[in-house]
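As a plain string of letters, each chain reads:
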Amino acid sequence: MELMSDLELDRNYQRNDQGPKVKLIQEWLSLQGMNVVPDGDFGPATEAAVKLFQTKSKLTPDGVVGPKTFAQLIQPMTQALQPITPTNQSLGQMVVRYAQQHLRSAPREVGGQNCGPWVRLYMNGLEGTPAKWCAGFACFVLKQACTALNVPPPIQPSFSCDELATGAQQRGIFLAGGPGVDHSALTVGSFFLNRKTASDWVHTGIVTQVQVETIQTIEGNTNDQGSSEGYEVCQRVRPYGARDFILIA
């Protein structure tokens, strides 16, 4: 399912309807706190959830998902996609502004590991167990910032942490971490890379603050334990540790 189709409704949907659009509606109902099984079958539970959401949103609670109800359902994503007007910010600062805008919309998985409309947004329509989306999130935000400033990306966007690291090394914007490394060159909006080995990186995210011993981050596909296989976009504080960086000025 492509991004544009995730943001569009082709007709009204109601009880006894079936199909991918019903599943999308169910995903958004769940993301909005009206948890239903995203099985593509508009049954009594989905109808009741729609009515609850409509009441909460001050819409007529008729159980039918038309343009107004759908627009309210997907509002978190449309807000995350709003363009931000630069006010003398650097590319890195704009990356942080966009990352914060996404964070406010609380992106997370729904319907299974690496599944749901947010994952499809960041992964260009891909989803499912192999679709680890931390790099997809960081690169999506970077592309938004580049579009706002009308500049090309400093690295080739990729869903692979290893490809991002290799590309940064080739372009001279890779900062290797480790004991005693001078982090004075590190800027907000840069990407961190969790290093497993000298040639294998397993997680990435966006640096939002640089401090003496720690960084603050916004990152996707993580969780409260800082895993690289989580379920949401969240804000974290991390030590420098075994982390390398892609410098975004």
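Heads up: the structure comes first, above all this text.
In this report, we go over the structure that sits alongside the text. From a predicted model like this one, the values you see are computed outputs, not experimental measurements.

Rules and cut-offs
- Residues numbered from 1 in each chain as written.
- Predicted model: local features only at pLDDT ≥ 70, side-chain atom pairs only at ≥ 80, totals over all residues.
- Heavy atoms only, no water.
- Helix = DSSP H or I, 4+ residues; strand = E, 2+ residues; numbered from the N terminus.
- Buried < 20%, exposed > 50% of the residue type's maximum accessible area, 1.4 Å probe, protein only.
- Contact = heavy atoms within 4.5 Å.
- Core = buried A, V, L, I, M, F, W, Y, C linked by side-chain atoms within 4.5 Å.
- Phe/Tyr/Trp six-rings, centres within 6.5 Å; stacked < 30°, edge-to-face > 60°.
- Salt bridge = Lys/Arg side-chain N within 4 Å of Asp/Glu carboxyl O.

1. Things to note about the environment of Gln 156
Then step 1. Positionally, Gln 156 belongs in the loop between helix 8 (134-149) and helix 9 (161-171).
Then step 2. Here Gln 156 falls in the exposed class, since its relative accessible area comes to 57%.
Then step 3. Between the alpha carbons of Gln 156 and Cys 139 there is a distance of 8.8 Å; along the sequence they are 17 residues apart.
Then step 4. The contact partners of Gln 156, leaving out residues within four places of it in the chain, are Leu 164 and Arg 171.

2. Observations concerning the nonpolar core
Then step 1. Leu 29 and Phe 191 are the most contacted members of the largest nonpolar core, which totals 57 residues.
Then step 2. With 10 residues, helix 8 is the single largest residue contributor to this core.

3. Some remarks on the packing of aromatic side chains
Then step 1. Scanning the entire structure with this criterion turns up seven aromatic pairs.
Then step 2. Between Tyr 122 and Trp 133 the ring centres are 5.8 Å apart and the planes differ by 15°, which places this aromatic pair in the stacked class. Of the two residues, Tyr 122 is situated in helix 7 (residues 117-122) and Trp 133 in the loop between helix 7 and helix 8; the sequence distance between them amounts to 11 residues. In terms of burial, Tyr 122 and Trp 133 fall into one category: buried.
Then step 3. Between Phe 174 and Trp 201 the ring centres are 5.9 Å apart and the planes differ by 75°, which places this aromatic pair in the edge-to-face class. Of the two residues, Phe 174 sits in strand 1 (residues 174-175) while Trp 201 sits in strand 3 (residues 200-210), which places them 27 residues apart along the sequence.
Then step 4. Residue Trp 201 is classed as buried on the basis of its relative accessible area of 6%.

4. Looking at the pattern of salt bridges
Pairing is possible between side chains of opposite charge, provided their charged atoms come close.
Then step 1. Applying the stated criterion across every chain, the model contains seven salt bridges.
Then step 2. Note that Arg 11 and Asp 17 form a salt bridge whose closest N and O atoms lie 3.3 Å from each other.
Then step 3. For Arg 11, a relative accessible area of 40% gives the class partly exposed.
Then step 4. For the salt bridge of Arg 120 with Glu 127, the shortest nitrogen-to-oxygen distance reads 3.0 Å.
Then step 5. Assessed through its relative accessible area of 33%, Glu 127 is described here as partly exposed.

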